[in-house]
Structures are given as C-alpha cells and as structure tokens.
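# Chains, contacts and geometry: an overview
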Amino acid sequence: MIASGCTVQHDSMNAILWIQTSAEYQSNSEMVFNVAESRLSLLRDKQDVTADIDQAKSFGCSAGTSCPGLAAAGLIPAVVLDVDETVLDNSVFGARLIKDGGQWRPGAWDDWVSEKSAIAVPGALAFVERARAEGVAVIYVTNRRCSVRGGLSESSSNNPCPQKLDTLENLVTAGYPPLASVDLLILRGERPEWDSSEKQPRRQHIAERYRIMMLIGDDLGDLASNIKKTSVEERARFVSTHQSLLGEYWFQLTNPAYGSWRGALSGKPAQDYLRLN
Ligand SMILES: [Mg+2]
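The following paragraphs examine the structure supplied in this document. (Residues numbered from 1 in each chain as written. Predicted model: local features only at pLDDT ≥ 70, side-chain atom pairs only at ≥ 80, totals over all residues. Heavy atoms only, no water.)

On to the pattern of salt bridges. Counted according to the given criterion, the structure contains 16 salt bridges. A single network of salt bridges, built from pairs that share partners, joins Glu37, Arg44, Asp45, Arg130 and Glu134. (Salt bridge = Lys/Arg side-chain N within 4 Å of Asp/Glu carboxyl O.)

Before going further, it helps to spend a moment on the state of the cysteines. This structure, assessed with the given rule, holds two disulfides. The disulfide partner of cysteine 61 is cysteine 67, and the gap between their sulfur atoms is 2.1 Å. Across the S-S bond of cysteine 61 and cysteine 67 the torsion is about 75°, and the bridge reads as right-handed. Among the residues examined, cysteine 61 registers a relative accessible area of 18% and is labelled buried. Here cysteine 67 falls in the buried class, since its relative accessible area comes to 1%. Paired by a disulfide, cysteine 146 and cysteine 161 hold their sulfur atoms 2.1 Å apart. (Disulfide = S-S within 2.5 Å. Buried < 20%, exposed > 50% of the residue type's maximum accessible area, 1.4 Å probe, protein only.)

Here we come to the coordination of the magnesium ion. Protein ligation of the magnesium ion involves Asp82 (OD), Asp84 (O) and Asp218 (OD), the donor distances falling in the range 2.0 to 2.1 Å. The sequence pattern formed by the donor residues of the magnesium ion is D-x1-D-x133-D. In this pair, aspartate 84 is assigned in the loop between β1 (76–81) and β2 (88–89) and aspartate 218 in the loop between β6 (210–217) and α11 (232–241), connecting sequence segments 134 residues apart. The exposure class of aspartate 218 is buried, given its relative accessible area of 10%. (Donors = N, O, S within 2.8 Å, 3.2 Å for Na, K, Ca; no water. Helix = DSSP H or I, 4+ residues; strand = E, 2+ residues; numbered from the N terminus.)

Written as structure tokens, this is what we have:
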C-alpha cells in the first residue's frame, strides 16, 4: 500500500489516468461506436458479406467483399463484441493495482469479476441498444476465463463457470439490455476446445449460425485469428494489409493499459523498442 501524498510510480499510471480522466478517451470511444452505429443497417442488409476472415474463407471468399455462397446460407446477422475495455471499463481494477503497488494476478482479477462493478465504455450502451433495435444479434466473446471458485457452499464450489453469471449480471448493472440467451456470452474455457485466449474457435462456433457482420474490440485478437502473439512488425503489416476493413467492418477501441500489443514487446527490454529517429 502506498501512503497518500507519496508520488506513485507504476507502469500503468498514465494509461489508467488517460482512461479515467481524459475527455479524449471518452471522445475516442464515442467516435468508434458512432461510426459502428452508422454502419449497422447497411451491414445488416449486406447478406453476402462477412467481417470475419475465417468465415469468409470457409465460403472461399475474403472478408468485406461479396460472397454469394454466404448469402445463400441464410445466416442471422450478428455483431461480435469483446467485453473488457470494449463494453465494460475495468479501469477501477487497474487503479487499485496502482494504489496497492500490485501486479495483475488471476486471483485478484477473479475477485474483481465477482464484484460486478465495471461500468460501461462510453458509446457502447447506445450502440448495443441500436443494434438490437435494428434486428442484429449482439454476441459477446470474452477472455474472462471460467474457473471453479473455492467456497463454503456446495453450489459455489460446483459451478464450473461462476464468471459467466457475474459477467451477465455486470452487463446488466452497467446498463446493457439483458441477453436473450446466455449463449450470447461466450467465455474462455466454457468448452474444452475454447480454452485458448485465441478467439478463433469461438468465432467459428458463432459462424455456424450467424453471419459475423461486424467485429468490435480493443485488441487485434478480437478482430482476427493468429495475430495476438506475433511480433510488433507482423502486427503492423497485418493492419496495413487489412486497413480497408477498419472503420467499415472492424472497429478498434484504444487500450493503452494492457493487451496483446504489450505481449509483442518481449525478447528485449521495453525501452529497446523506443524509436529514437
Ligand atoms: Mg478486451
């Protein structure tokens, strides 16, 4: 614990301050969701186009381009959203870590999830409401991980995924409309084949019934497969290659606090990645 009055040093200080205090954070999120909202009815009606690279590939097509086989499949149009730092703002958890001088730990994160007190990301509520009003399915895919919690009561120690109920409840307390079905929220590890932070198997599951018309997230891994764990250079190339999808089918929130961008800075000290000229 850091005494008040002391200057706090922490890797995440500026990032969390930006999220919690800057009007620029608010404005950036509102902008992303406003643009996404303006695309809803158009993309709903483009029955031959998917935002998902893998779904397009399964019909022999590319994301964001006309795919007659897809239209013939008669799938339900859906937007696929990430949860953390996309629709729920967990910066209070990050702020507490700074205050306590701690680092991210699975147990501390799970305590935060069980608290169910994350608030909505600016712009996200209006977007979700509008999507539903436009007849578009809203599906959440999160890397919140299912794990049994130790507890005194029989029910808590037997539930394989208490994080699911917590997240459903937190979405409602944050103001989101209750989900029509619990299947519209997919956690990491809900099925053995969904144990990876890589979301591709879960998107593939969604793609059996839905046409993924739009993808929204704060991490590249929310938009595409096998990109999370690549290098700084590969990630930059990937974005350049797919830039025509951005703001059209893919919508990227800003997260300076954490994400796979941070994991890409491995193998050498972070300062060695600084560009000095
Ligand atoms: Mg996220």
